[in-house]
Amino acid sequence: MKCPRCESKFVNVMVKSPVGDVWEVYLCDTCKFTWRSTEGENITDPEQYDKRFKLNPEEFEKLGHIPPIPPLTKNK
Ligand SMILES: [Zn+2]
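Here is what the cut-offs are and how they apply
- Residues numbered from 1 in each chain as written.
- Predicted model: local features only at pLDDT ≥ 70, side-chain atom pairs only at ≥ 80, totals over all residues.
- Heavy atoms only, no water.
- Donors = N, O, S within 2.8 Å, 3.2 Å for Na, K, Ca; no water.
- Tetrahedral: all angles 85-135°; square planar, octahedral: opposite > 155°, others 65-115°.
- Helix = DSSP H or I, 4+ residues; strand = E, 2+ residues; numbered from the N terminus.
- Buried < 20%, exposed > 50% of the residue type's maximum accessible area, 1.4 Å probe, protein only.
- Phe/Tyr/Trp six-rings, centres within 6.5 Å; stacked < 30°, edge-to-face > 60°.

Caption draft 1: Region of interest: the coordination of the zinc ion. For the zinc ion, every protein donor is listed as Cys3 (SG), Cys6 (SG), Cys28 (SG) and Cys31 (SG), and the spread of their distances is 2.3 Å. In this structure, the zinc ion is surrounded by four donor atoms whose angles at the metal cover 105 to 113 degrees, and the resulting shape is tetrahedral. Within one chain, the residues serving as donors to the zinc ion are arranged as C-x2-C-x21-C-x2-C. Placement of Cys6 in the segment before strand 1 (11–16) and of Cys28 in strand 2 (residues 24–28) is noted, with a sequence separation of 22 residues between them. Cys28 matches Cys6 in its accessibility class, with the two residues each being buried.

Caption draft 2: Looking closely at the packing of aromatic side chains. Under the defined criterion, the tally for this structure stands at three aromatic pairs. On the basis of an interplanar angle of 20 degrees and a centroid distance of 5.6 Å, the ring pair of Phe33 and Trp35 is categorised as stacked. Trp35 sits in the buried class, given a relative accessible area of 3%. For the pair Phe33 and Tyr49, a centre-to-centre distance of 5.5 Å together with 70 degrees between the ring planes defines the contact as edge-to-face. Of this pair, Phe33 sits in the loop between strand 2 and strand 3 (34–36) while Tyr49 is found in the segment after helix 1 (41–44), placing the two residues 16 residues apart along the sequence. Residue Phe33 shares its accessibility class with Tyr49, and that shared class is buried. These aromatic residues form a ring-pair network of at least three members: Tyr26, Phe33, Trp35 and Tyr49.

Next comes the structure, spelled out in structure tokens:
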């Protein structure tokens, strides 16, 4: 299985449905995307996931933090 957003293979089952074996929630270790097994193919299938929201792991480094982390203040 691959993450639909960044296509990483580091995907874990985060939680299973508390009652019965109805669904599972998966967590991508790379981009922290989570999705449920019962969601449509436009969410679960990397090929059909909306390309505007795709992430490339190599670009994570360039993404800014929101909100920005202020520099540590030094005590003199
Ligand atoms: Zn991912």
